[in-house]
Amino acid sequence: MGNTYPRSVEDIDKHMKSISTRVFGNRFMPDQTLYEYLIEFLLVFVSAKDSDGESGKMQFHDDAEGLLEYWIEPRMGLRRFIFYDKSRKNGIVPIDERAYQEIMKILKNNVIADSDGEKQEIIEGIQDLLHGYAVVIKKRNWCAQTLLPVCPEMVLCDAMPNQKNRKALDWFGDEDKIDSSFDFDKRNFLARGGEVYYLHLLQALEKNSEKKGLLEILIRDLMGGENNKLSLICQVIQKSWENAMSFDRSSLIKHMKLSFIPEDAYAECGVYAVDELINYLSSELPSITRIEILAKGMMYQIMRMLSWRVDNYLGVEKKKWIVDMKGGSTDTVKKLAAENFRSIQDGFMTALNKSAREIGILEKEYMTKLNKAKKSSLDVFRAKGKEMQCIIPTNGQFERFSLSEDIIRFLVLSLVPPKKKMTLNMFLEKLYIHFGIIIGPEEYRKSIESNNKLDASLANSFIENVNAFQGFLKSTGFLRELSDATSIVVNPYNNVLED
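Residues numbered from 1 in each chain as written. Predicted model: local features only at pLDDT ≥ 70, side-chain atom pairs only at ≥ 80, totals over all residues. Heavy atoms only, no water.

> So what's going on with the overall build of the protein? Residues and values would help.
Each helix and strand counted, the protein has 20 helices and 13 strands in total. For the protein, the C-alpha radius of gyration of 24 Å lies close to 23 Å, the compact-globule estimate for 499 residues. With respect to the principal axes defined by its C-alpha atoms, the protein has extents near 80 × 60 × 45 Å. Residues classed as buried in the protein amount to 56% of the 499 residues present. A separation of at least 24 residues holds for 74% of the contacts in the protein among residues at least 6 apart in sequence. Looking at the protein, you have 68 positive and 72 negative side-chain charges, and the mean spots of the two groups are 4 Å apart. (Helix = DSSP H or I, 4+ residues; strand = E, 2+ residues; numbered from the N terminus. Rg over C-alpha atoms; globule rule 2.2 N^0.38 Å. Buried < 20%, exposed > 50% of the residue type's maximum accessible area, 1.4 Å probe, protein only. Contact = heavy atoms within 4.5 Å. Lys, Arg positive; Asp, Glu negative; His and termini not counted. Charge placed at Lys NZ, Arg CZ, Asp CG, Glu CD.)

Written as structure tokens, this is what we have:
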């Protein structure tokens, strides 16, 4: 397995018995939604890095010496205010019903209006406003639903209802457990995928304090600025609840520990990811759009992490991704892209089998454990790729890589700095270097140098593929044609740091 990052890891022997964890780090799980990767990453970033509950908020850890820890604020009062009333059908716990009525009463007393009806209207308006930012609801209990993380107070942690214990709680006598008796450490939905991403960035930033400081400024800007009013509303709701209930604030802060990644797993793509994030977050998009595209772009970077790690673990050259931009065609590119995708899937399974053999998995449990590892790696890669329309079709044969509009937006804004431009050929080369993406004939020819199974005579088949990509860039406003022979890829946005 080699060394881990960070070096100090609890229960390392136990982790090393997991096929997928040995390869990819601890850990990726199928139940974590696309937005929850971003939410978990931001949760580590916004949280305190010290037991005082304040030091280190809104920044990366200073170093990776010893165990990496962080202290979260679950804000269950705020969460109950936003989600509880709309989720009663998922089962009522008496103490939460009473707590919900109580917070509504507390807030109503704090609102200045001419009548009770007007007060109720104002409170319900705030509820609807905040619930409008919900991104993960599904059939989950109110305490496991989450918001778009537009400000630090809206970055919500994992919380499980622990209903059996909570149903036994009494309003009189168990007041101190109203908000603290949920399970915050089960990792059911914030299952560590966002932590793995955080660790690969932290590792890349270790020897680059300048980029670290810049990225911290940009993430703070992402969650501040036009969202400060939302931040203030959330603070008022949570503080009003805590103060009225006389909670001991220290009992509401929960201690969490980061796990690990293999030390050599993501070193190369971590460096690329840092530069891409700095470029992307420097672009002055509307706040909500910037976060929504970031969630998908970050997931795309995680797909790169998984794919590159497979080849790194197997000790083979990185496989490139042949991207079919024409979709429903039946031409050469489609066939080449499908073969390429199949070889990437095969690589995942080869890596998992290698890991299983190194562990010495017994024959009678081999397939069960291998399937579990596949669900936590290849299946995550495929499912998230399909969700973002970067792997097509959703169902059926000839699975292959493609690019959706939002991912193209992320790629342009992460590779072209604000207000800068580059030729289309330069941009295609950047995609090839940063992600191993093949769209045009030139990149296909380059990939042949390292893969003699490919046929150079097929390179011209990619000309139409580039034309389709060009059309896509043009329709999204990122392409300017200077002449028949020259097209320019442009990042039209201002730089947030220059305002």
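> Give a detailed account of the side chain of Asn227, specifying residues and quantitative values.
Tracing the backbone shows Asn227 in the loop between helix 9 (209-222) and helix 10 (228-245). Setting aside residues no more than four positions away along its own chain, Asn227 makes contact with Val150, Cys151, Leu222 and Ser287.

> So, helix 4 (residues 76-83): which residues are in play, and what are the values?
Think of an α-helix as turning once every 3.6 residues; residues three or four places apart then point the same way. Burial analysis of helix 4 places eight of its eight residues in the buried class, which makes it a mostly covered element. Listing the buried residues of helix 4 in full gives Met76, Gly77, Leu78, Arg79, Arg80, Phe81, Ile82 and Phe83. Against the buried residues of helix 4 lie helix 5 (94-110), helix 6 (116-131), strand 3 (134-136), strand 4 (146-147), helix 7 (163-167) and helix 10.

> Lay out the nonpolar core with the relevant residues and their values.
Of all hydrophobic cores here, the largest spans 147 residues; its most connected members are Tyr300, Phe381 and Phe469. Look past the residues within four positions of Phe469 in its chain and what remains in contact with it is Met325, Leu403, Ile408, Leu424, Phe427, Leu428, Leu431 and Ile439. Judged by nonpolar contacts, the second largest core, of 10 residues, contains Leu336, Tyr432, Tyr444 and Ala459. (Core = buried A, V, L, I, M, F, W, Y, C linked by side-chain atoms within 4.5 Å.)

> Can you tell me about unusual backbone geometry, naming the residues and giving the values?
Across the junction of Tyr5 and Pro6, the peptide omega takes the value -5 degrees, indicating a cis bond. For Pro6, the position within the fold is in the loop between strand 1 (4-5) and helix 1 (12-15). A cis amide bond links Asn26 with the next residue in sequence, Arg27, at an omega value of -5 degrees. Positionally, Arg27 belongs in the loop between helix 2 (19-24) and helix 3 (34-46). In the Ramachandran plot, Met58 falls in the positive-phi region, its phi being about 60 degrees despite a non-glycine side chain. Positive phi values are uncommon outside glycine, yet Asn162 reaches one of about 45 degrees. Summarising the element assignment, Asn162 is placed in the loop between strand 4 and helix 7.

> If you had to explain the pattern of salt bridges to someone new, which residues and values would you point to?
Enumeration according to the criterion identifies 36 salt bridges in this entry. One salt bridge in this structure joins Glu10 and Lys257, with 2.9 Å as the shortest N-O distance. Of the two residues, Glu10 sits in the loop between strand 1 and helix 1 while Lys257 sits in strand 5 (residues 254-257), which places them 247 residues apart along the sequence. The salt bridge involving Asp264 is made with Arg309; its shortest N-O contact spans 3.6 Å. Residue Asp264 is located in the loop between strand 6 (261-262) and helix 12 (267-282), and its partner Arg309 is located in helix 13 (residues 287-314); the two are separated by 45 residues in the primary sequence. Asp264 gets classed as partly exposed once you look at its relative accessible area, which sits at 44%. (Salt bridge = Lys/Arg side-chain N within 4 Å of Asp/Glu carboxyl O.)

> Could you give me a rundown of helix 5, with the residues and numbers involved?
In this model, helix 5 (17 residues) spans 25 Å end to end at C-alpha, consistent with the 24 Å of a helix rising 1.5 Å per residue. Along helix 5, the residues that are buried comprise Ile95, Asp96, Glu97, Ala99, Tyr100, Glu102, Ile103, Met104, Ile106 and Leu107. On the buried face of helix 5, the contacting elements are helix 4, helix 6, helix 7 and helix 10. (Expected span 1.5 Å × (residues − 1).)

> Talk me through the packing of helix 9 against helix 12; I want residue IDs and the actual numbers.
Between helix 9 and helix 12, the shortest axis-to-axis distance is 10 Å and the interhelical angle comes to 40 degrees. As judged from the angle between their axes, helix 9 and helix 12 are oblique. Seen along the crossing, helix 9 lies across helix 12 with a hand that is left-handed. Taking contact as the criterion, the partners of Lys211, Leu214, Leu215, Leu218, Ile219 and Leu222 in helix 9 are, on helix 12, Val274, Asp275, Leu277, Ile278, Leu281 and Ser282. Residues that form the contact of helix 9 with helix 12 fall into these classes: nine nonpolar, one polar and two charged. (Axes fitted to C-alpha atoms, helices over the stretch in contact; angles between N-to-C directions. Parallel < 35°, antiparallel > 145°, perpendicular 65-115°, else oblique. Left-handed = near helix turned anticlockwise from the far one by under 90°. Nonpolar A, V, L, I, M, F, W, Y, C, P; charged D, E, K, R; others polar.)

> Any chance you could break down the packing of helix 5 against helix 10 for me, citing the residues and the numbers?
Where helix 5 contacts helix 10, the two axes come as close as 10 Å, and the packing angle between them is 105 degrees. The orientation of helix 5 relative to helix 10 falls into the category roughly perpendicular. Mapping the contact onto sequence places Ala99, Glu102, Ile103, Ile106, Leu107 and Asn110 in helix 5 and Ile237, Ser240, Trp241, Ala244 and Met245 in helix 10. Looking at the contact of helix 5 with helix 10 residue by residue, the classes come out as eight nonpolar, two polar and one charged.

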